[in-house]
There are 2 protein chains.
Amino acid sequence: MQRSQAEDLDRDDPLAAWADEFVAAEAGLIYFDGNSLGRLPLRTRARLDAVVGEWGRDLVRGWAGWIDLPTTVGDRLGALLGAGAAQVLVCDSTTVNLYKLASAALDARPGRTAIVTDTGNFPTDRYVLEGLARSRSLDVIQVVTDPIAGVRREDVAARVGAEVALVTFSHVDYRSGAIADVAGITADAHAAGALVVWDLSHAAGAVPVALDEWGVDLAVGCTYKYLNAGPGAPAWLYVARRHQSDLVPPIWGWFGQADQFAMGPRFEPAAGLTRWLAGTPPVLGLAAVDEGVAMLAEAGLDALRAKGVALTGLAEALWAEWLEPLGFAIGSPPIRGSHLALRHPEAYRLSRAMIEEAAVVPDFRPPDILRIGLAPLSTRFVDVWDGFVRIRRLAETGAWQRYDIEPGRVT
Amino acid sequence: MQRSQAEDLDRDDPLAAWADEFVAAEAGLIYFDGNSLGRLPLRTRARLDAVVGEWGRDLVRGWAGWIDLPTTVGDRLGALLGAGAAQVLVCDSTTVNLYKLASAALDARPGRTAIVTDTGNFPTDRYVLEGLARSRSLDVIQVVTDPIAGVRREDVAARVGAEVALVTFSHVDYRSGAIADVAGITADAHAAGALVVWDLSHAAGAVPVALDEWGVDLAVGCTYKYLNAGPGAPAWLYVARRHQSDLVPPIWGWFGQADQFAMGPRFEPAAGLTRWLAGTPPVLGLAAVDEGVAMLAEAGLDALRAKGVALTGLAEALWAEWLEPLGFAIGSPPIRGSHLALRHPEAYRLSRAMIEEAAVVPDFRPPDILRIGLAPLSTRFVDVWDGFVRIRRLAETGAWQRYDIEPGRVT
């Protein structure tokens, strides 16, 4: 393949101009990790500066403009998730939100004794569920998923019986990028009387999502990947309207109180979604989510998805031509999110060499995965071409062999 | 009293220069709410700008410098709290942290049936405890506290028996500013076999704190008041070293895992403090806490406390001379934190008129409290004098009478 083919794709890309809407990294860097930490939008830098200015100038009076951010930003994000108004809230971390929703779902299914998830679910999800199961003496049934194909509806259906209170998976697999059948699995769970919580961290902003249409009960996700909200920005949660009056959060906080500033003697949960708020909302992070979501909405999810498919398609074609002969295998299915998994027995050492010697930033995931994240809004087709040229050269030279074999900290 | 007396106090104030270390609010504004949302330090504005730059430039590689912030900033904050290293963690919100610690404390006292707190504790604290008690079928014993004197050791001792698992209060009362006898109440709780959680939101950075020396088990607090970390900045938690291996958090997250990036199949809590982390830490907020804490440490807590006492002392003297004759009562005891409560039947309408007509920003707290927060690092003695002149004039003119009686949103 010639570089001109990638250049042609960029020339014809309706989203091409968006790459200039991000702060430039160091010259020559190729960033394949927008699905771990998305790049910094120019608008977000300006917005953060403005919000810091509001703090300095307006002081406590600034809350008049900040206090509704969890719901207003949630509504804007909801539009990208196929969620009608007043069902998405931006707050806390994905971990804490999953804990809140899963805990409430278990409360709503008393007498049932099991939670169903899968061996390939993201670690924090598995740990939250393990902790909840431990404290309530429940079983966690882990469906064994194929490392490439991910969660399959038929495998789940076989494990979801009348004893199951909660079914919870990731929409897009954090390693392979496999896309689960959310609507089908949700329907099967409902047929068995269980509730579902979906984790959309690797899906939001990357693949089509229709939470309302799919009948999803509850969902969570982070904002620092395709939503570009920055390191540790607040996460989100979705509670379908039909569950908003019956489910009760485990953490009763003052921002979830019906009449917060009356500061009354007893907790009276807010009538709608805001009962899921707990403490004081993180204003800077919320502003960053707002900007990231606005950019995705402006670009349009259909166009983003089409480009994501084309980007991972180009990467797969380059893998077949250059990297398969060098011992790399493909770790993603044909239908996938916006990242591609390459597998190699020395993936960890390769990832370090790529970052330190080739100015290409991928992600390593145990045991043998190089994750190539191709955020549609900020990645050019020539980035994929140039990055794969560098990976090929590095693999050919064997320069990675002098790196430690011990995985370090890469998030 | 003459203004020159306040000017003299400023001239002799060793901390006077610190007021210039904050971003100027609008000309003429007098800010009496640094105990709700602290002002923006110039250094913090610069640090936030730098961290946003790190995100843009370093992208995911920035985590090498960010990932330890919860513990490094926690250690720096711990030094202000009388806590030895590796016992304070900056993470989540005060509400979520209180939930985590109280839940673990209850787990550690199985068979006991009650939680002791007080009617005057901050709403989010009372709500968290109410929720935990509800889910575990426990009783919440609310000690009735005097609205001015706050929590009294003898009143608590009378309620702490062998059935009590957990005793939890605020160190400094959010309304009156009364300072609880942390060491005494903690000793009484321990004598009964209970654990304690203290909320230091209105204490940290304002009054002397000696968590280790006082034998405190667990504590939480926010960072957006005297620590000046900004709206919704992450909170902190303290777990005494002796409890770090036996207490288990309720929320099991990947940042609390012993070997996080091995992403192993089961949750193995980190050996020390970091098991209390849950999701991905909020980097911008952590950087802001770091700067705020560094400034307080540099100013010195003894000097800060001395100035805080002098500031509320001046405010009380001005109240006696000008405001008591106009129907204001004092709502704080002689020994108090760094805020002074003034009580007036029309406190809410007065607070609105002060903000909108007199450019003085106090805080309203139900039912009848004007909270005058005097953050020692950023408040001048002449601010107190000038602000009280304005309050006096407003009360004399009766201009507040045309404001709505319904409390709006003031956080």
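Residues numbered from 1 in each chain as written. Chains lettered and ligands numbered in written order. Predicted model: local features only at pLDDT ≥ 70, side-chain atom pairs only at ≥ 80, totals over all residues.

**Some words on the overall build of chain A**
Tallying secondary structure elements over chain A gives 12 helices and 13 strands in all. For 411 residues, the compact-globule estimate of 2.2 N^0.38 gives 22 Å, and the C-alpha radius of gyration of chain A, at 22 Å, lies within 12% of that figure. Once local pairs closer than 6 in sequence are excluded, the contacts in chain A between residues at least 24 apart make up 73%. (Helix = DSSP H or I, 4+ residues; strand = E, 2+ residues; numbered from the N terminus. Rg over C-alpha atoms; globule rule 2.2 N^0.38 Å. Contact = placed C-beta atoms within 7 Å.)

**Here we look at the sheet that holds strand β2 (residues 88-90) of chain A**
Residue and element names in this part refer to chain A. The strand order across the open sheet formed by 7 strands is β2-β8-β7-β6-β5-β3-β4, and the pairing between neighbours is mixed. Single-partner strands in this sheet number two, and they are β2 and β4 (139-143). On average, each strand axis in the sheet is inclined to that of its neighbour by 20°, with strand direction left out of account. Relative to strand β5 (residues 164-170), strand β3 (residues 114-118) runs parallel, the two sharing 3 bridges. The residue of β5 that forms the bridge with Ile115 is Leu166. (Pairing = 2+ DSSP bridges. Axes fitted to C-alpha atoms, helices over the stretch in contact; angles between N-to-C directions.)

**Remarks on the sheet that holds strand β13 (residues 369-373) of chain A**
Residue and element names in this part refer to chain A. Pairing is antiparallel in the open sheet, where 4 strands are placed in the order β9-β10-β13-β12. What marks the edges here is a single partner per strand, and that holds for β9 (329-330) and β12 (363-365). Alignment of β9 against strand β10 (residues 339-343), held across 2 bridges, turns out to be antiparallel. When the sheet's bridge partners are listed, Ile330 is paired in β10 with Leu342. Strands in contact with helix α10 (residues 301-323) are β9, β10 and β13; relative to β10, the strand with the most contacts, it is inclined by about 20°. Sheet contacts for helix α11 (residues 347-357): β10, β12 and β13; angle to β13, the most-contacted strand, approximately 45°.

**Thoughts on the relation of the copies chain B and chain A**
Each copy of the sequence occupies a distinct position, and chain B is placed on chain A by a rotation of 180° and an axial shift of 0.0 Å, giving an RMSD of 0.0 Å. In symmetry terms, the pair is related by a two-fold rotation axis. For chain B, the residue whose C-alpha comes nearest the rotation axis is Asp92 of chain B, separated from it by 3.5 Å. (Least-squares fit on C-alpha atoms with pLDDT ≥ 70 in both.)

**A short note on unusual backbone geometry**
Along the chain, Pro366 of chain A connects to Pro367 of chain A via a cis peptide bond; the corresponding omega equals 0°. Not every positive phi belongs to a glycine, and Met263 of chain B is a case in point at roughly 55°. The backbone phi angle of Ala359 of chain B is positive, close to 50°, even though this residue is not glycine. Examined against the element boundaries, Ala359 of chain B turns out to sit in the loop between α11 (347-357) and β11 (360-361).

**Description of the domain arrangement of chain A**
Residues and elements named next belong to chain A. Here chain A is described as being made up of domain 1 (3-31 + 300-402) and domain 2 (45-298). The C-alpha centroid of domain 2 is placed 29 Å from the C-alpha centroid of domain 1. With 20 residues of domain 1 at the contact, the number on the domain 2 side is 20 residues. Considering only residue class, the side of domain 1 that touches domain 2 consists of 10 nonpolar, 6 polar and 4 charged. (Domains from an automatic or database assignment. Nonpolar A, V, L, I, M, F, W, Y, C, P; charged D, E, K, R; others polar.)

**A look at the packing of helix α2 (residues 42-58) of chain A against helix α9 (residues 283-299) of chain A**
Residue and element names in this part refer to chain A. At their nearest, the axes of α2 and α9 sit 9 Å apart, and the two run at 150° to each other. If you check the angle between α2 and α9, you find them roughly antiparallel. Here the hand of the crossing between α2 and α9 comes out right-handed. Every residue of α9 that contacts α2 at Arg43, Thr44, Arg47, Leu48 and Val51 is listed here: Val283, Leu284, Ala287, Ala288, Glu291, Gly292 and Met295. Looking at the contact of α2 with α9, its residues break down into 7 nonpolar, 2 polar and 3 charged. (Parallel < 35°, antiparallel > 145°, perpendicular 65-115°, else oblique. Left-handed = near helix turned anticlockwise from the far one by under 90°.)

**Observations concerning the interface of chain B and chain A**
On the side of chain A, 66 residues touch chain B, which itself brings 66 residues to the contact. Elements represented by at least two residues in the side of chain B that touches chain A include exactly α2 (42-58), α3 (63-66), α5 (94-107), α6 (123-136) and α9 (283-299) of chain B. Class assignment for the residues of the side of chain B that touches chain A results in 39 nonpolar, 17 polar and 10 charged.

**A look at the confidence of the model for chain A**
Of the residues in chain A, 99% reach a pLDDT of 70 or more, and the chain-wide mean stands at 96. Confidence estimates for the predicted assembly give a pTM of 0.97 and an ipTM of 0.96. (pLDDT = per-residue confidence, 0-100.)

**Some remarks on the nonpolar core**
In terms of nonpolar packing, the biggest core is built from 279 residues, with Ala102 and Val197 of chain A together with Ala102, Leu166 and Val197 of chain B touching the most fellow members. With residues up to four places along the chain from it excluded, the contact list for Leu166 of chain B reads Ala102, Ala105, Leu106, Arg109, Ile115, Ala194, Leu195 and Val197 of chain B. (Core = buried A, V, L, I, M, F, W, Y, C linked by C-beta atoms within 7 Å. Buried ≥ 20, exposed ≤ 12 C-beta atoms within 10 Å, placed from the backbone.)

**Examining the environment of Ala178 of chain A**
All names here are of chain A. Turning to its location among the elements, Ala178 is positioned in the loop between β5 and α8 (182-191). With 161 residues separating them in the primary sequence, Ala178 and His339 have C-alpha atoms 9.5 Å apart. Look past the residues within four positions of Ala178 in its chain and what remains in contact with it is Ile148, Ala149, Gly150, Asp173, Pro333 and Arg336.

**Structural notes on α2 of chain A**
The terminal C-alpha atoms of α2 of chain A, which comprises 17 residues, lie 24 Å apart, in line with the 24 Å expected from a rise of 1.5 Å per residue. Where α2 of chain A is concerned, the buried positions are Thr44, Arg45, Leu48, Val51, Val52, Trp55 and Gly56 of chain A. All buried residues of α2 of chain A lie within an arc of 140° about the axis, which places them on one face of the element. Counted as exposed and oriented over 90 degrees from the buried face of α2 of chain A: Ala46 and Ala50 of chain A. Close packing links the buried residues of α2 of chain A with α9 of chain A together with α2 of chain B. (Expected span 1.5 Å × (residues − 1). Arc of directions from axis to C-beta.)

**Focus on the pairing of strand β4 (residues 139-143) of chain B**
Residues and elements named next belong to chain B. Sheet analysis places strand β3 (residues 114-118) next to β4, joined by 5 bridges and oriented parallel. Among the inter-strand pairings, Asp118 is bridged to a residue of β4, identified as Val143. Regarding topology, α6 serves as the crossover connection from β3 to the parallel β4, and that connection is right-handed. (Right-handed = clockwise from strand over helix to strand, strands pointing away.)

**Some words on the environment of Ala27 of chain B**
All names here are of chain B. With respect to the helices and strands, the residue Ala27 is situated in the loop between α1 (3-11) and β1 (30-31). The class of Ala27 is exposed, set by 6 C-beta atoms lying within 10 Å. Sequence spacing of Ala27 and Ala359 is 332 residues, and the spatial spacing of their C-alpha atoms is 9.4 Å.

**Section: the pairing of strand β10 (residues 339-343) of chain B**
Residue and element names in this part refer to chain B. A large share of β10 lies buried, amounting to 4 of its 5 residues. The pairing of β10 with strand β13 (residues 369-373) spans 5 bridges and is antiparallel. Of the residues in β13, the one forming a bridge with His339 is Gly373.

**A word on the environment of Val196 of chain A**
Residue and element names in this part refer to chain A. Structurally, Val196 can be placed in strand β6 (residues 195-199). For the pair Val196 and Ala19, spaced 177 residues apart in sequence, the C-alpha separation works out to 36 Å. Look past the residues within four positions of Val196 in its chain and what remains in contact with it is Val167, Thr168, Thr186, Ala189, Val216, Asp217 and Leu218.

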